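Understanding the architecture of this molecule
Letter by letter, the chains look like this.
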Amino acid sequence: MIHTLPIPTPFAVGRVNCLLIEDDPLTLVDTGPNSGKSLAELEDGLREHGHKVEDLERIVITHQHNDHLGLVGVLADRSGAEVCALDHLAPVIEGFGSHAEANDELAEALMLRHGIPRDVVTALRAVSRAFRGWGGSAPVDTQLHDGGELGFAGLTLQVFHRPGHSPSDTIFFDPATGDLLGGDHLIKHISSNPLISRPLGGRSGEPGNGRPRALLMYMDSLRETREMPVRRVLPGHGDTFGDHAAVIDERFEMHERRARKIARLIAQRPRTAHEIAQAIWGNVAVTQAYLTLCEVLGHVDLLVERGEVAETDRGGIVELHPA
Ligand SMILES: [Zn+2]
């Protein structure tokens, strides 16, 4: 039996779904962010099903974002639960702070290179540091592998690496029921941002154009998931849903429309990726500069791969123009 426990987060995305798998071992998939409020609601959720934190025997993490793994250290300490994660994700869970710092360095270099002003970059870096407190660390006891399995007394989950939204995205599939524990790989009501992050190994981002091509990687991952005999998706945010192939097709259409829009802007005149983000999202391109930059660069990667757009370095800042 799998229960969804929606736990509050301080982020724009709203609540995050932790999944309680009532089987042997008693398992929690994702933990919520590292905050007292989130922990209190998680404890309420566990109590509704007759459990407490100390009863947890296994904690599984779907990916490296702080709304999904923040409480891992607190919960593992209190319960003694076995912590399980994909092999590529394990070092991030064990060293969240230093990993986040290295990721911010990559983001800073990318932002400056694509036309975001230095003062905006400095402000965003401070915000990112403050957000790091919602994350957390724990030793990983068991490393999982792409194509491997996670066994319970009453079910077996297949483990698949599906990088794109983050380099460590992992999904878990029960072939007996068709349930897919999707994390942030596939969410019904929002498209998962292909955030550019440090590659972690596996297929998590061979660099192209001097950066990991997150959107191309994400679309490859979606193509693989589309072919799976999924009956319902239990996502990391929002409601459980069916017809995953239709949701994936909608995403492909949305990315195609966005790529066309960006190609038109570049055809008008050469621009930086940040100028494109501002043309599309206005002021949001400043307050959410990295997010919107990743959206633009992902689609630029698509257009570069098709031979429609090229990048030229002009004194350290990249200008995008028709190929
Ligand atoms: Zn995420």
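Use the structure listed above.
These notes cover the structure that comes with them. Every chain begins its residue count from 1, and numbering advances along the sequence as written. Residues qualify for local features only when their pLDDT is at least 70, as the model is predicted, and side-chain atom pairs are given and counted only at 80 or more; totals for whole chains, interfaces and linings, by contrast, use all residues. Each side-chain value is derived from all of the structure's non-hydrogen atoms; neither hydrogens nor water enter the calculation.

In this section: the overall build of the protein. Only DSSP runs of H or I covering at least 4 residues are called helices, and only runs of E covering at least 2 are called strands; the numbering of each starts at the N terminus. Of regular secondary structure, the protein possesses 11 helices and 15 strands. Taken over C-alpha atoms, the radius of gyration comes to 20 Å for the protein, in line with the 20 Å a tight globule of 323 residues would show. In terms of its C-alpha atoms, the protein occupies a principal-axis envelope of roughly 60 × 40 × 30 Å. Using a 1.4 Å probe on the protein chains alone, a residue whose accessible area is under 20% of its type maximum counts as buried, one over 50% counts as exposed, and one in between counts as partly exposed. Residue burial in the protein is summarised as follows: out of 323 residues, 55% are buried. In this description, contact between two residues means that some pair of their heavy atoms is separated by no more than 4.5 Å. When contacts within the protein are restricted to residue pairs at least 6 apart in sequence, long-range pairs at least 24 apart make up 66% of them. Shrake-Rupley sampling with a 1.4 Å probe provides the accessible areas, and residues are treated as covered by the protein chains on show and by no other component. Roughly 13,000 Å² of accessible area belongs to the protein as shown, and the carbon and sulfur atoms make up 51% of that amount. Charge assignment in this entry is limited to Lys and Arg as positive and Asp and Glu as negative, and neither His nor the chain termini are counted. Working definition for charges: the position is that of NZ of Lys, CZ of Arg, CG of Asp or CD of Glu. Between the averaged position of the 31 positive side-chain charges in the protein and that of its 46 negative side-chain charges there is a distance of 8 Å. The globule rule is 2.2 Å times the number of residues to the power 0.38, and the radius of gyration it is compared with is taken over C-alpha atoms.

With that out of the way, let us pick up the pattern of salt bridges. Each salt bridge in this description consists of a side-chain nitrogen of Lys or Arg and a carboxyl oxygen of Asp or Glu lying within 4 Å of one another. Evaluation of the coordinates by the stated rule reveals 26 salt bridges. Put simply, Glu41 and Arg15 hold a salt bridge, and the shortest N to O gap is 3.0 Å. Highlighted residues: Glu41 in helix 1 (residues 36–48) and Arg15 in the loop between strand 1 (2–7) and strand 2 (16–21), separated in sequence by 26 residues. Between Glu101 and Arg129 there is a salt bridge, with the nearest N and O atoms lying 3.4 Å from each other. Note that Glu101 is positioned in helix 5 (residues 96–113) and Arg129 in helix 6 (residues 118–131), a separation of 28 residues in sequence. A network of salt bridges, in which partner residues are shared, links Glu101, Asp104, Glu108, Arg118, Arg125, Arg129 and Arg132.

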